[in-house]
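The chain contents come next:
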Amino acid sequence: MYEAMYRSRRLDDAVLAAYMEGKTPVFHMGKGPLPGEMHQSFGQEPCAAGVCVHLGKEDAVGAGHRPHHVAVARGVDLKKMVAELFGKKTGLSGGRGGHMHLYSAEVNFFSSGIIAEGMGPGAGMALARKMQGKPGIAVAYIGDGAANQGAFHEVLNMVGLWKLPFICVIEDNKYGVSVHKKDSTAIERNSDRASAYGIAGEFVSGNDPDLIFEAAGRAVQRARSGQGGTILELETERLHGHFIGDSGGYRPDAERKAMKDPIPAYRERLLADKVSSAGEMTSLEAKVQGEVDEAMRFGRESEYPDATEALKRLYA
Amino acid sequence: MYEAMYRSRRLDDAVLAAYMEGKTPVFHMGKGPLPGEMHQSFGQEPCAAGVCVHLGKEDAVGAGHRPHHVAVARGVDLKKMVAELFGKKTGLSGGRGGHMHLYSAEVNFFSSGIIAEGMGPGAGMALARKMQGKPGIAVAYIGDGAANQGAFHEVLNMVGLWKLPFICVIEDNKYGVSVHKKDSTAIERNSDRASAYGIAGEFVSGNDPDLIFEAAGRAVQRARSGQGGTILELETERLHGHFIGDSGGYRPDAERKAMKDPIPAYRERLLADKVSSAGEMTSLEAKVQGEVDEAMRFGRESEYPDATEALKRLYA
Amino acid sequence: MAQPIPAAAPGSERTLTMARAGREAVFSEMRKNPNMFVIGEDVAKLGGVFGTTVGMAEEFGASRIIDTPISETGFIGIATGAAMAGMRPIVEIAFVDFIGVCFNQIYNFAAKTHYMSGGQFKVPLTFMIGYGGGYNDAAQHSQTLFATLGHVPGIKIVTPADAYDAKGLMASCLQDDNVTVWMVHKRLWGLGWLGFPLPKALATVPEHDYTIPFGQSRIWRDGGDVTIVGLGLTVHNALQAAEQLASEGISAEVLDLRSVVPLDREGIFKSVAKTGRLVVADEDYMSFGVTSEVLAVVAERDPTVLKAPAVRVAYPDVPVPFSRPMEDFCLPNVERIIAAVKSTMKGKK
Amino acid sequence: MAQPIPAAAPGSERTLTMARAGREAVFSEMRKNPNMFVIGEDVAKLGGVFGTTVGMAEEFGASRIIDTPISETGFIGIATGAAMAGMRPIVEIAFVDFIGVCFNQIYNFAAKTHYMSGGQFKVPLTFMIGYGGGYNDAAQHSQTLFATLGHVPGIKIVTPADAYDAKGLMASCLQDDNVTVWMVHKRLWGLGWLGFPLPKALATVPEHDYTIPFGQSRIWRDGGDVTIVGLGLTVHNALQAAEQLASEGISAEVLDLRSVVPLDREGIFKSVAKTGRLVVADEDYMSFGVTSEVLAVVAERDPTVLKAPAVRVAYPDVPVPFSRPMEDFCLPNVERIIAAVKSTMKGKK
Ligand SMILES: Cc1ncc(C[n+]2csc(CCOP(=O)(O)OP(=O)(O)O)c2C)c(N)n1
Ligand SMILES: Cc1ncc(C[n+]2csc(CCOP(=O)(O)OP(=O)(O)O)c2C)c(N)n1
Ligand SMILES: [Mg+2]
Ligand SMILES: [Mg+2]
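Every chain begins its residue count from 1, and numbering advances along the sequence as written. Each chain takes a letter, starting from A, and each ligand takes a number, starting from 1, following the order in which they are written. Selection of residues for local features in this predicted model requires a pLDDT of at least 70, selection of side-chain atom pairs for listing and counting requires 80 or more, and totals for whole chains, interfaces and linings are taken over all residues. Water and hydrogen atoms were dropped before computing side-chain values, which therefore reflect all heavy atoms in the structure.

Peer 1: Got a minute to help me understand the overall build of chain C in this structure?
Peer 2: Each helix and strand counted, chain C has twelve helices and 14 strands in total. Our radius of gyration looks at C-alpha atoms and nothing else; its globule reference is 2.2 Å times the residue count to the power 0.38. On C-alpha atoms alone, chain C measures out to a radius of gyration of 20 Å, which is about the 20 Å that the 2.2 N^0.38 rule sets for 349 residues. Each of the three principal axes of chain C carries a C-alpha extent, and together these read 65 × 45 × 40 Å. Positive charges come from Lys and Arg alone, negative charges from Asp and Glu alone, with His and the N- and C-terminal ends not counted. Here the site of a charge means NZ on Lys, CZ on Arg, CG on Asp, or CD on Glu. Across chain C, 31 positive and 36 negative side-chain charges occur, with their mean positions spaced 5 Å apart. Only DSSP runs of H or I covering at least 4 residues are called helices, and only runs of E covering at least 2 are called strands; the numbering of each starts at the N terminus.

Here it is, written out as structure tokens:
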């Protein structure tokens, strides 16, 4: 899990640096080698690592507009993913998708930019496995804000009704852009909404990889054993703004000061608990850093697609 | 309450008879003096009467595709309403609306034909009263099937969040067209979904006008006193098909046989409890029948609008 | 290009309603393809509000004919995910008027996923949708909305005008690996509750399977003076108008688009270039609609082929009123088409 | 009809971005009308993702500047009901791409309620919506969708091309008793995060209130050889193209539609009748779009005024690709407009 978290973090660090190139002095989202909106995952890595580690090749994962940590934890090819962020022809979708629309058929992964839009397709992949009599479950990631979108309600009712092997992971970072959860959501815990759909609901506090791992294990077990769906609500932390360029000025200072970065904390725990030695840790980190550097170089140096490719692949 | 129930029933009887004119031998929905889809309220009259009796002029009511009993209980002008069903120029909307789109600004009433579409507008009327510092609450009627539509979730979350003086009445007749509630809804009681929105939920079984009256009284009291919204789920009975022309062949015979008509039962109770005498009852019924006959005659005899009116009133 | 219909093998034909013909294609494809299933409201126990799936639950069982809650965004999303995972869903939305509650899932996700994924994921999903008015179902159950669906890229849209096309176009949709929409006018269908269908909507339909290419219009009637373009029900209005016009010595060609997307631009232009006059009849709203696009095709290819201004006989830009005289006034009927044709013939004679 | 802009009272002008000018109209109407309020995502604490409501929460308080959950169907329905009950809501939907999740509440209820109620209920509701691409925001955040909103009846739609029109059109929307949509191209707006706006999008804006009639196009530049119709950002592309063409001796008239609905059909036809050539530049998808309707206007009024085929410079019928070279290839840019104009001039001279 630490590896997946660390890989996502180093990727976001590298992407952040590359993103800012060419966007100064006057910030312009459309300039530079990495243009467009960029929603990063700083602080939310445990939610991806702790869940995806339970998944196998037959399972499916859908993410939303903030997909990097989930894609990384799911094992999406890092080079192709970075190339897609750069809009290169070697990217996952040859540059057609971009940061919010990462698709990797290899690992049954997709993401999309409209709030809660991935809920149905995720549940549909679970239904397909059920209909085909194949093993495999589906996980869809949404944010706390997305839980107030109609699709959430419609899909989870069918998940309960048809006992689909489906997990809705809610990453509760307490904000939807600038709107705090208490100003958007009538109740404290979205996991309590599970009772409206006859499915299980679990809440994990503390953004703790180990606790997330355990709760996710229970949810995956329920799904695999035919006991149906789960709302897995994970308390987490959005360490940066909503997207690069958002200073997050709407957040109280106290709240910001109180923010904890889960990665160093987890690293210390692993060392303290002697799960791995400082030496192993540093060489792992070096290896991951190497992969990220390599992926960034690959993305940068790959060619852009031919402009006329824009008109292709509309239909299969 | 009995009067409102009886009026709605006699209206539906008269409408049913007029509707069948010109539609035989081959049923054609578009033929005859009363064309179009026709969703009647046979059996659901208590849900309207028991709730609307608590409402005053300042309150607002929204109904769905099955609006007759609600419109009648709300006190929509019967003649204008019937004229609208006939598509006449004397109708509520001069014939532009029709059976599913009954609007009466006089009594803050509207209905609409898209499932759960009236939830938001209903809650918005409640918000307007709150913003204007005026008294008044809003009630929106939906069916059991509509509780699985996204609008239900989105609106009730805001009702809970903003403590709007709003009541969502769910008429649970166990069917959405041909689909039984157990095949559409993951849990037994939609009123239990109130806990997902921090509002009150009450279920009333038996299609009993007096029990509905009491529960509605509590819900209205909560709304008026600033305690916020309620899901008021009322068990009821759809005595006929989904619309005229639907034989309801998908319903088990046993279930059909077990259906009880709430109106004669309530009449007996009123007599037994000496709430009113047989004499009073018959004269009341005669009076109501007279009104309905008069309204039907008015609707029939009124003129059709000029065809070119179709192009007017697009904009205010 | 517009093509005549190939004749069916003799003896293998029956006269069917569009409902039965379309259903026949669904049965046939469902039998061939175990990954195909039907999902929507009232498709199992009821057999579809419009009878599209009568008898299917009995043959294919509840696991392949799935009644849903009234949750269009939800089940269209689910169908899309299932399609991405190897299934071939058929989604029924009884009335096109309802797409507003689920449009995002259609145009932002289902229609774009093949493109956005660079071809990694296919979405072989077919919608069966009813549309149209003329039976007093008012503003929320009488719309046509071809252009609403046609304007957003990634969706193929067809609408048959008779039983032969109903079966062939349905088969084409079900065999296609993209998001396809099979739309049929409620009054052509042959529903239990809208009386008898128009005689011309019935057709002799071969028992064997056949498909009709997308984007291929159909010439129902040859003519030299004017081209009347229609689709769905307006094809029949146009045919009636053409007959009356013939008695007045005006020779009208009737072109049925059959596909809204892809649109048979060559077929349209070829016919108008021949006749020199254009009338377009469509029950969808006028502005930014099918009639707009058809006129634009001629204006951008060669406006000089037009001997007179083109005329649109579309639904005016107002909601559908309930009252019969008002609705009849708005519909693109035979009288309006005849008047339109005559206006294009002014001066000539 | 197209009209020149009235000059503002001397001394009462400032040069503003469209964002500030539009906001100025909102502030002014909000002050005049206690029943007016703003509702949408991130409008209060953040002041709008696009800065549309900066400073408003401070002046008008949380009761009139309302942050919502991400529940567009819900809060648009709520805003509609509030409007029916005497309020005047302003609803922000940051990206037009999102209308798919709430379209039903817009076209089936809000837009039709005045009509369906026979005029009993008014719905004075204004949407503020951003649109457009060109900054690599990909398929779900770069669309324009004028025609998607314009095709359904009951909605008035405007889109300003400079700060003067931004204020005047906003005031017209807020004073209107119907559902109105004020749409602005993100790259014209003057957002914090899209660099500097185009210089021509800035304008001297009077401090006093003023309105601009719906359905009145604006001639930005007179010309005799060809009419270039644009709206929003494409007006500026057209102006740049016109300058370059002038240096080559081609005199282009640039007509800004300003309103999508109602459309200034007279204004379009008058200009094309004068110049005899038509190019339409629009960032919305081509088919069943704004370009279709503009060409249709000419084809149905008098195609003989066209000395050459009309040309559409629209967004092709594909989703917006993320990668820069692909998106740039699809956008209706200056080069494409110049090439289009030249194709209409072929033969001439
Ligand atoms: C239907 C829809 N409405 C609005 C948006 C704009 N939007 C993008 S992200 C976002 C906030 C999402 O909050 P949350 O679900 O908590 O996810 P987080 O950003 O916190 O990870 C919003 C409003 C959108 N993409 N789709
Ligand atoms: C969004 C939408 N989907 C489907 C329909 C078609 N439809 C009309 S009524 C109905 C069933 C509604 O069931 P319920 O809410 O229980 O109300 P009831 O008819 O039982 O009174 C359906 C599916 C519709 N009008 N709107
Ligand atoms: Mg969040
Ligand atoms: Mg019901």
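Peer 1: Mind showing me how you'd approach the sheet that holds strand 2 (residues 109-111) of chain A here?
Peer 2: Consider a sheet: its strands pair through backbone hydrogen bonds, and that pairing is either parallel or antiparallel. Residue and element names in this part refer to chain A. Pairing between strands is defined by DSSP: at least two bridges between the two strands are required. Read across the sheet, six strands follow the order 2-1-3-4-8-7 without closing on themselves; strand pairing throughout is parallel. The open sheet is flanked by strand 2 and strand 7 (200-204), the only strands paired with a single partner. If you compare each strand with its neighbour and ignore which way they point, the axes differ by 15° on average. As paired elements, strand 1 (residues 60-63) and strand 3 (residues 138-143) share three bridges and run parallel to each other. By the bridge assignment for strand 3, Gly62 is matched with Ala140. Pairs of residues are marked as contacts when any of their non-hydrogen atoms sit within 4.5 Å. All axes are obtained by fitting lines to C-alpha atoms, using only the stretch in contact for helices, and the reported angles, taken between N-to-C directions, cover 0 to 180 degrees. Contacting strand 3, strand 4 (166-172) and strand 8 (230-235), helix 6 (residues 150-161) runs over the sheet at an angle of about 145° to strand 4.

Peer 1: Looking at this structure, how should I read unusual backbone geometry?
Peer 2: Only a minority of non-glycine residues have a phi that is not negative, and only a minority of peptide bonds are not trans. Cis geometry marks the peptide bond from Thr24 of chain A to Pro25 of chain A; its omega dihedral reads 0°. Positionally, Pro25 of chain A belongs in the loop between helix 1 (2-20) and helix 2 (45-52). Even without a glycine there, the phi angle at Lys174 of chain B is positive, about 75°. Position of Lys174 of chain B relative to the elements: it lies in the loop between strand 4 (166-172) and strand 5 (175-176). Positive phi, close to 60°, is recorded for Asp42 of chain D, a residue that is not glycine. Note that Asp42 of chain D resides in the loop between strand 2 (36-40) and helix 2 (56-60). Remark: exposure states derive from per-residue accessible area (1.4 Å probe, protein chains only) relative to the maximum for the residue type, with buried under 20%, exposed over 50%, and partly exposed in between. Its relative accessible area of 5% is what places Asp42 of chain D among the buried residues.

Peer 1: Looking at this model, I keep getting lost on the interface of chain D and chain C. Mind explaining?
Peer 2: Reports of interface size often rely on the accessible area that becomes lost once the parts have come together. Of the residues lining the interface, 53 residues belong to chain D; the matching set on chain C comes to 53 residues. Regarding the contact of chain D and chain C, the summed buried area is about 4400 Å², with carbon and sulfur atoms giving 63% of it. What gets called buried area is simply the loss in accessible area from a 1.4 Å probe that two parts show on being joined, summed for both. A per-residue breakdown of the area chain D buries against chain C is headed by Tyr115, His151 and Phe288 of chain D, which together make up 20% of the total. Counted as salt bridges are all cases of a side-chain nitrogen of Lys or Arg within 4 Å of a carboxyl oxygen of Asp or Glu. Where chain D touches chain C, the interface holds four salt bridges. Two N or O atoms count as a polar contact when they lie within 3.5 Å, although within protein this holds only if one can serve as hydrogen donor and the other as acceptor, and sequence-adjacent residues are included solely when both atoms are side-chain atoms. The tally of links from chain D across to chain C stands at 34 residue pairs in polar contact (both at pLDDT 80 or more). At the level of elements, helix 4 (103-116), helix 5 (146-150), strand 12 (259-261), strand 13 (278-285) and helix 10 (290-301) of chain D are the ones that each hand at least two residues to the side of chain D that touches chain C. Its residues assigned to classes, the side of chain D that touches chain C shows 32 nonpolar, eleven polar and ten charged. Throughout, the ten residues Ala, Val, Leu, Ile, Met, Phe, Trp, Tyr, Cys and Pro are labelled nonpolar, Asp, Glu, Lys and Arg are labelled charged, and all others, Gly among them, are labelled polar.

Peer 1: What is the right way to read the coordination of the magnesium ion (ligand 3) from this model?
Peer 2: Reference geometry at the metal: tetrahedral coordination by four donors gives ideal angles of 109.5 degrees; octahedral coordination by six donors gives 90 or 180 degrees. Residues and elements named next belong to chain A. Think of the donor list as every N, O and S atom within 2.8 Å of the metal, or within 3.2 Å for Na, K and Ca; water never makes the list, so a site can look incomplete. Only Asp144 (OD), Asn173 (OD1) and Tyr175 (O) from the protein reach the magnesium ion (ligand 3) as donors, at distances of 2.0 to 2.1 Å. Sequence spacing among the residues donating to the magnesium ion (ligand 3) works out to D-x28-N-x1-Y. Here Asp144 is found in the loop between strand 3 and helix 6, whereas its partner Tyr175 is found in strand 5 (residues 175-176), with 31 residues between them in sequence. We classify Asp144 as buried; its relative accessible area is 2%.

Peer 1: Got a minute to help me understand the interface of chain B and chain C in this structure?
Peer 2: Each partner contributes to the interface: chain B provides 46 residues, whereas chain C provides 37 residues. Of the roughly 3400 Å² buried between chain B and chain C, counting both surfaces, carbon and sulfur atoms make up 65%. Of all residues in chain B, Ile114, Gln149 and Ala310 of chain B give up the largest surface area on contact with chain C, accounting jointly for 14% of the area buried on that side. On the surface where chain B and chain C come into contact, there are one salt bridge.

Peer 1: Explain the relation of the copies chain D and chain C here, please?
Peer 2: Two copies of the chain are present, and they differ by a rotation about an axis and a shift along that axis. Under the fitted operation, chain D is carried onto chain C by 0.0 Å of movement along the axis and a turn of 180°, and the coordinates agree to an RMSD of 0.0 Å. The superposition of one copy onto the other is thereby described by a two-fold rotation axis. Here 100% of the interface residues in chain D have copies in chain C that are interface residues too; the copies meet face to matching face. Copies overlap after least-squares fitting; the atoms used are the C-alpha atoms of residues with pLDDT of at least 70 in both.

Peer 1: I would appreciate a short explanation of the pairing of strand 4 (residues 88-95) of chain C in the present structure.
Peer 2: Walk down a regular strand and you will see the side chains alternate between the two sheet faces. Residue and element names in this part refer to chain C. In terms of burial, strand 4 is a largely internal element, eight of the eight residues being buried. Taken together, the five bridges between strand 2 (residues 36-40) and strand 4 define a ladder with parallel strand orientation. The partner of Met36 across the bridge, within strand 4, is Arg88. Pairing analysis gives five bridges linking strand 4 to strand 5 (residues 125-131), with the strands arranged parallel. Its bridge partner lying in strand 5, Phe95 is registered against Gly130. The parallel pair strand 4 and strand 5, bridged by helix 4 (residues 103-116), forms a crossover whose chirality is right-handed. The path from the first strand over the helix to the second decides the hand: if it runs clockwise while the strands point away from the viewer, the crossover is right-handed.

Peer 1: Can you walk me through the site of ligand 2 in this structure?
Peer 2: Only heavy atoms are used to decide nearness, and a residue is near a molecule or strand if one of them lies within 4 Å of it. Among the 20 residues in the neighbourhood of ligand 2, the closest are listed as His65, Arg66, Asn173 and Tyr175 of chain B together with Glu72 of chain C. Near ligand 2, the surrounding residues are drawn from chains B and C. Arg66 of chain B has a polar side-chain atom sitting 2.8 Å from an oxygen atom of ligand 2. Measuring from an oxygen atom of ligand 2, one finds a side-chain N or O atom of Asn173 of chain B at 2.8 Å. Here ligand 2, which alone exposes 590 Å², has 95% of that area covered by the protein. Classifying every residue of the shell around ligand 2 by side-chain character gives eight nonpolar, eight polar and four charged. Shrake-Rupley sampling with a 1.4 Å probe provides the accessible areas, and residues are treated as covered by the protein chains on show and by no other component.

Peer 1: What am I meant to see in the packing of aromatic side chains here?
Peer 2: When we look at a pair of aromatic rings, we describe it by the centre distance and by the angle of the planes. Residues and elements named next belong to chain D. Classification of ring pairs rests on two measures: the distance between centres of Phe, Tyr or Trp rings, Trp counted by its six-membered ring, which must be within 6.5 Å, and the angle between planes, read as stacked under 30 degrees, edge-to-face over 60 and tilted in between. Under the defined criterion, the tally for this structure stands at 31 aromatic pairs over all chains. Taking 5.1 Å as the distance between ring centres and 50° as the angle between the ring planes, the aromatic pair formed by Phe50 and Trp189 counts as tilted. Of this pair, Phe50 sits in the loop between strand 2 and helix 2 while Trp189 is found in helix 7 (residues 186-189), placing the two residues 139 residues apart along the sequence. With respect to burial, Phe50 and Trp189 carry one shared label: buried. Geometrically, the ring pair formed by Phe103 and Tyr107 is tilted, given 4.6 Å between the ring centres and 45° between the ring planes.

Peer 1: Explain the packing of helix 3 (residues 72-84) of chain C against helix 4 of chain C to me, please; I cannot follow it from the model alone.
Peer 2: Relative orientation and spacing of two packed helices are given, respectively, by the angle between their axes and the distance between those axes. All names here are of chain C. At a minimum axis distance of 11 Å, the contact between helix 3 and helix 4 shows a crossing angle of 5°. Between helix 3 and helix 4, the angle is such that the two are roughly parallel. When helix 3 is examined against helix 4, the residues Thr73, Ile76, Gly77, Thr80 and Met84 are found in contact with a partner set consisting of Gln105, Ile106, Phe109, Ala110 and Thr113. Comment on the angle field: the value is read as roughly parallel under 35 degrees, roughly antiparallel over 145, roughly perpendicular from 65 to 115, and oblique elsewhere.

Peer 1: What's the story with the site of ligand 1 in this structure? I'm lost.
Peer 2: The immediate surroundings of ligand 1 are formed by 20 residues, with His65, Arg66, Asn173 and Tyr175 of chain A together with Glu72 of chain D found nearest. Neighbouring residues of ligand 1 are not confined to one chain but are distributed across chains A and D. Take Ala146 of chain A: an N or O atom from its main chain is 3.1 Å from an oxygen atom of ligand 1. Asn173 of chain A places a polar side-chain atom, nitrogen or oxygen, 2.8 Å from an oxygen atom of ligand 1. Residues belonging to the shell around ligand 1 are distributed by class as follows: eight nonpolar, eight polar and four charged.

Peer 1: I keep staring at the pattern of salt bridges and nothing clicks. Help me out?
Peer 2: Pairing between side chains becomes possible if they bear opposite charge and their charged atoms approach one another. In total, this model carries 100 salt bridges over all chains according to the counting rule given. Measuring nitrogen to oxygen at the nearest pair gives 2.7 Å for the salt bridge that ties Glu255 of chain A to Arg251 of chain A. Of the residues examined, Arg251 of chain A reaches a relative accessible area of 4% and is grouped as buried. The partner of Lys182 of chain B in a salt bridge is Asp183 of chain B, with the nearest N and O atoms 3.4 Å apart. You can call Lys182 of chain B exposed: its relative accessible area is 56%.

Peer 1: What is the right way to read the nonpolar core from this model?
Peer 2: Nonpolar side chains in soluble globular proteins tend to be buried together. We define a nonpolar core as any set of buried Ala, Val, Leu, Ile, Met, Phe, Trp, Tyr and Cys residues linked to one another through side-chain atoms lying within 4.5 Å. Membership of the largest hydrophobic core comes to 424 residues, with the highest contact counts inside it found for Phe166 of chain A, Phe166 of chain B, Leu149 of chain C together with Leu149 of chain D. If near-sequence neighbours (up to four positions away) are discounted, Phe166 of chain B is found in contact with Met119, Gly122, Ala123, Ala126, Ala138, Ala140, Leu156, Val159, Ala223, Gly228, Gly229 and Thr230 of chain B.

Peer 1: In this structure, what is going on with the sheet that holds strand 14 (residues 311-315) of chain C? I would like to understand it.
Peer 2: Residues and elements named next belong to chain C. Spatial strand order, 9-11-10-13-14: five strands in an open sheet with mixed pairing. In this open sheet, the two edge strands, each paired with only one partner strand, are strand 9 (218-221) and strand 14. Between one strand and the next, the sheet's axes are offset by a mean angle of 25°, whatever the strand orientation.

Peer 1: Explain the environment of Glu233 of chain B here, please?
Peer 2: Residue and element names in this part refer to chain B. As for its position among the elements, Glu233 is in strand 8 (residues 230-235). On the basis of relative accessibility, which here comes to 0%, the residue Glu233 falls in the buried class. In the structure, Glu233 is positioned 212 residues away from Glu21 in sequence and 36 Å away in space, judged by C-alpha atoms. Not counting residues within four places of it along the chain, the set of residues in contact with Glu233 comprises Ile170, Asp172, Lys181, Glu188, Arg189, Asn190, Ser191, Glu202, Phe203 and Val204.

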